[in-house]
Amino acid sequence: TFTDAFTKSTKAAGTEVVNALSDPLGKSAARLKVEADRAAQALSSAQDEAAASTGRLTAARRREESASQGLLAAEKNLDAARSSSSASASDVARAEAALATATDKAKAANEAADAAAEAHSRTLGKVEAASKDADAATDALAAASRDAADAVDDLDKAARSGSDSVQSHEGGVSGLASTFR
């Protein structure tokens, strides 16, 4: 009968809406929103950490450059002291000591810059992972929203269809009733 078909159609459409809004096997839209918000916060934090890491790496590379220039200058001074006929043994010894100190500083600066580069690389990996997590959370939320909107559209179509059926039956009933008057 019409009533049974209408009830069945409306009930099915209503069930779709309820299932879309709170999928019993999946996550609720509210939970997906919370997860998307948390993923966005994690991404923002990772990006902040990457910016700070970039600053540390840049500073380490500047110290590395400065130490390397100091080493080159110390090597030149030692060469000049050794090739100078007026330089004493103590001048050469001081130049050698300065070169040893410059070598140690350059080595330490190189190691610090390499460590900063490794740390920066790890930080960029965190940004990439956080970005993927944020994309996945946003996609899941968007899919849940689309499913809910589709279910609401289906319910609206079922209601319009039921309304149209009721109106067409009412017309038939009205016409039939006027015949008997």
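Residues numbered from 1 in each chain as written. Predicted model: local features only at pLDDT ≥ 70, side-chain atom pairs only at ≥ 80, totals over all residues. Heavy atoms only, no water.

### Topic: the overall build of the chain
In step 1: For the chain, the count of helices and strands is 3 helices and 0 strands.
In step 2: For the chain, the succession of helices and strands along the chain, N to C, is α-α-α.
In step 3: Every one of the 181 residues in the chain was classed for burial, and the buried ones make up 20%.
In step 4: Put simply, 85% of the contacts in the chain that link residues at least 6 apart link residues at least 24 apart.
In step 5: Surface summary for the chain: the accessible area is close to 12,100 Å², and the carbon and sulfur share equals 56%. (Helix = DSSP H or I, 4+ residues; strand = E, 2+ residues; numbered from the N terminus. Buried < 20%, exposed > 50% of the residue type's maximum accessible area, 1.4 Å probe, protein only. Contact = heavy atoms within 4.5 Å. Areas by Shrake-Rupley, 256 points an atom, 1.4 Å probe, with all protein chains shown as cover.)

### Focus: the nonpolar core
In step 1: Listed in full, the 11 residues of the largest apolar core are Ala67, Leu71, Ala74, Leu78, Ala81, Val92, Ala95, Leu99, Ala102, Ala106 and Ala109.
In step 2: If you list the elements that add at least two residues to this core, you get α2 (29-83) and α3 (89-180).
In step 3: Of the residues forming this core, the biggest block, 6 residues, is contributed by α3.
In step 4: Residues contacting leucine 99, with those up to four places away along its chain left out, are Leu71, Ala74, Glu75 and Leu78. (Core = buried A, V, L, I, M, F, W, Y, C linked by side-chain atoms within 4.5 Å.)

### Quick word on the pattern of salt bridges
In step 1: This structure, assessed with the given rule, holds 8 salt bridges.
In step 2: As a salt-bridge pair, glutamate 35 and arginine 31 come within 3.1 Å of each other at their nearest N and O atoms. Residue glutamate 35 and its partner arginine 31 are both found in helix α2; the two are separated by 4 residues, about one turn of the helix.
In step 3: Aspartate 37 is the salt-bridge partner of lysine 33, the closest N and O atoms lying 3.3 Å from each other. One end of the pair is lysine 33 and the other is aspartate 37, both in helix α2 and 4 residues apart, which spans about a single turn.
In step 4: Taken together, the shared-partner salt bridges connect Arg61, Glu64 and Asp114 into one network. (Salt bridge = Lys/Arg side-chain N within 4 Å of Asp/Glu carboxyl O.)

### Some remarks on the environment of alanine 52
In step 1: Here alanine 52 lies in helix α2.
In step 2: A relative accessible area of 38% places alanine 52 in the partly exposed class.
In step 3: In this structure the C-alpha to C-alpha distance between alanine 52 and threonine 123, which are 71 residues apart in sequence, comes to 9.7 Å.

### Considerations on the environment of alanine 106
In step 1: Along the chain, the position of alanine 106 falls in helix α3.
In step 2: A sequence separation of 39 residues divides alanine 106 from alanine 67, and the C-alpha atoms of the two residues are 4.7 Å apart.
In step 3: Discounting chain neighbours no more than four positions away, the residues touching alanine 106 are Ala67 and Leu71.

### Comments concerning the environment of arginine 122
In step 1: You can see arginine 122 is positioned in helix α3.
In step 2: Separated by 69 residues in sequence, arginine 122 and serine 53 have C-alpha atoms that sit 9.7 Å apart.

### With respect to the side chain of histidine 120
In step 1: For histidine 120, the position within the fold is in helix α3.
In step 2: On the basis of relative accessibility, which here comes to 12%, the residue histidine 120 falls in the buried class.
In step 3: In this structure, histidine 120 is in contact with Ala50, Ser53, Thr54 and Leu57, ignoring residues within four places of it in sequence.

### Let's talk about the side chain of threonine 123
In step 1: Of note, threonine 123 is situated in helix α3.
In step 2: What makes threonine 123 buried here is its relative accessible area of 6%.
In step 3: A distance of 2.9 Å separates the side chain of threonine 123 from the backbone oxygen of alanine 119, its partner in a polar contact.
In step 4: What threonine 123 contacts, discounting residues up to four positions off in sequence, is Ala46, Glu49, Ala50 and Ser53. (Polar contact = N/O pair within 3.5 Å; in protein donor to acceptor, adjacent residues only side chain to side chain.)

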